[in-house]
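Structural features, examined
The lines below spell out each chain.
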Amino acid sequence: MSTDATRSPLSVVLAPSPGVRNAQEGQRGVAMAVLAADATEREVRSLVESLRTRGLDANAYEVGQGVLLLHDVRVDEAEEALTGQPAVERVSLPGTRYRLARRDAVPSGSVVRVGGVPFGSEYLPVIAGPCAVESRDQILTIARATASAGASLLRGGAFKPRTSPYDFQGLELLGLELLDEARDITGLPIVTEVMSPGMIEPMYGMVDAFQVGSRNMQNYELLKALADIDKPVLLKRGFAATVDEWLLAAEYLLAGGNEAVILCERGIRAFAQRTRFTLDLASVALAKRETHLPVIVDPSHATGDRSLVAPMALAAVAAGADGIMVEVHNDPRRALSDGQQALRPAELSELLDQLEDVGAAVGRRVLRGPLVLGGAQLR
Ligand code: PEP
Ligand code: MN
């Protein structure tokens, strides 16, 4: 289902309307219809038009096999208008503020591909690389080591959100060019952070997935701009964000037209003093239950301690995570940021082997390298 013309501005899409449970006649709320898998674009468009002609606020979205939302409608009227339509598979009344992100929009779960690497399938991809791109030599050395350890994607910040303005802020555009070179050499797709809407365009050609950092999860201008592009977004959880706020941030991307969203739990602020943050694995399981989007875990920022990265990565996979993101450095003591939490390349290899064992226990296979080629990358 592809219906660009049926999308409306975000302000309309997210107009407040209370979720409804046990709807009764006359009550107003939201109605959600999962479209029939075989509905054609023309059928969907004509359904949307006929609903609008009846004065209903209808919008169709390319989520899963297609989803239609009716906002702020009388639910009995919406049910009557949608039930029995050939283009509609089933109708529900979502009782949450996030709608397109709801698991019942895509009950089997969405698979999001980054440069061909699937997230949300039986495979478990590992994203690895330095906190920041520091130099040509550093990123190429780490990229080669990351590829030979068997990771599927390369991470590395070119623009760094640092707590102190005196800390290393990243190599910026030069950093991106170096990541691009590392991709050419290793074949690993690139995941890197974007901090402002104005940087999306210059970064676009050099990035396979745009990372939204924890500090920017509620930067709604950034989310709206990323909703408008056709590249996947790795949405890190704000370290003080509730699960609902996290899923509503994802909803901005989905409602604005970008359905390629991967969630990443990276630790929340609690009272821990010996770890950098508190890894909230219950919320990973909760997010997996509540949404169809893939959920991955970053145990590096969550713990801030190299020796805790592997145990938390293993626990994350056991809890149902769809992938792992870890920081790796060839010389952690000299790293310009986050050296204390960086694995050495040999430790990354060891972690991949351990993940395979835990993955097998929960029916997942660690993806080795960036491609799924008839199992060739799998051990
Ligand atoms: C990062 O992954 O590079 C990063 C800065 O992490 P976070 O946004 O989770 O702090
Ligand atoms: Mn870091």
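The text that follows walks through the structure, step by step, so that each part is easy to find. (Residues numbered from 1 in each chain as written. Chains lettered and ligands numbered in written order. Predicted model: local features only at pLDDT ≥ 70, side-chain atom pairs only at ≥ 80, totals over all residues. Heavy atoms only, no water.)

Around a metal, the idealised angle for a tetrahedral arrangement of four donor atoms is 109.5 degrees; for an octahedral arrangement of six donor atoms it is 90 or 180 degrees. Looking at the manganese ion (ligand 2), one finds its protein donor set to be Cys131 (SG), His301 (NE2), Glu327 (OE) and Asp338 (OD), positioned 2.0 to 2.4 Å from the metal centre. Sequence spacing of the donors to the manganese ion (ligand 2): C-x169-H-x25-E-x10-D. One end of the pair, His301, is in helix H10 (residues 299-303); the other, Glu327, is in strand E15 (residues 324-327), with 26 residues separating them in the sequence. Taken individually, His301 and Glu327 each receive the classification buried, so the pair is uniform in this respect. (Donors = N, O, S within 2.8 Å, 3.2 Å for Na, K, Ca; no water. Helix = DSSP H or I, 4+ residues; strand = E, 2+ residues; numbered from the N terminus. Buried < 20%, exposed > 50% of the residue type's maximum accessible area, 1.4 Å probe, protein only.)

Moving on, we come to the packing of aromatic side chains. Applying the stated criterion across every chain yields a total of 2 aromatic pairs. Ring geometry for Phe239 versus Phe277: centroids 5.2 Å apart, planes at 35 degrees, classification tilted. Within this pair, whereas Phe239 is found in the loop between strand E12 (233-236) and helix H8 (243-255), its partner Phe277 is found in the loop between strand E13 (261-265) and helix H9 (281-290), the two being separated by 38 residues in sequence. Relative accessible area serves as the criterion here: at 4%, Phe277 is assigned to the buried category. We note Lys231 situated over the ring of Tyr204; from NZ or CZ to the ring centre the distance is 4.1 Å. (Phe/Tyr/Trp six-rings, centres within 6.5 Å; stacked < 30°, edge-to-face > 60°. Lys NZ or Arg CZ within 6 Å of the ring centre and 35° of its normal.)

Among the 8 residues that make up strand E1 (residues 28-35), 7 are buried, leaving the element largely enclosed by the rest of the structure. In the sheet, E1 pairs with strand E3 (residues 67-74) via 6 bridges, with the strands oriented antiparallel. Of the residues in E3, the one forming a bridge with Ala33 is Leu68. As paired strands, E1 and strand E4 (residues 88-92) are joined by 4 bridges and run antiparallel to one another. Paired with Leu35 across the two strands is Val88, which belongs to E4. (Pairing = 2+ DSSP bridges.)

Look at helix H4 (residues 136-149) against helix H5 (residues 173-186): their axes get within 9 Å of each other, and the N-to-C directions meet at 35 degrees. In the packing of H4 onto H5, the handedness of the crossing is right-handed. Touching Arg136, Ile139, Leu140, Ala143, Arg144 and Ala147 of H4 are Leu178, Leu179, Glu181, Ala182, Ile185 and Thr186, all from H5. (Axes fitted to C-alpha atoms, helices over the stretch in contact; angles between N-to-C directions. Left-handed = near helix turned anticlockwise from the far one by under 90°. Contact = heavy atoms within 4.5 Å.)

Within the structure shown, the criterion is met by 24 salt bridges. Ionic pairing is found between Arg90 and Glu89, a salt bridge with its closest N-O pair at 2.7 Å. Owing to a relative accessible area of 32%, Arg90 belongs among the partly exposed residues under this scheme. The exposure class assigned to Glu89 is partly exposed, which follows from its relative accessible area of 44%. Between Arg365 and Glu122 there is a salt bridge; the shortest N-O distance is 3.4 Å. One end of the pair, Arg365, is in strand E16 (residues 365-366); the other, Glu122, is in the loop between strand E6 (117-119) and strand E7 (123-124), with 243 residues separating them in the sequence. When salt bridges that share partners are traced, they join Asp180, Arg183 and Asp208 into one network. (Salt bridge = Lys/Arg side-chain N within 4 Å of Asp/Glu carboxyl O.)

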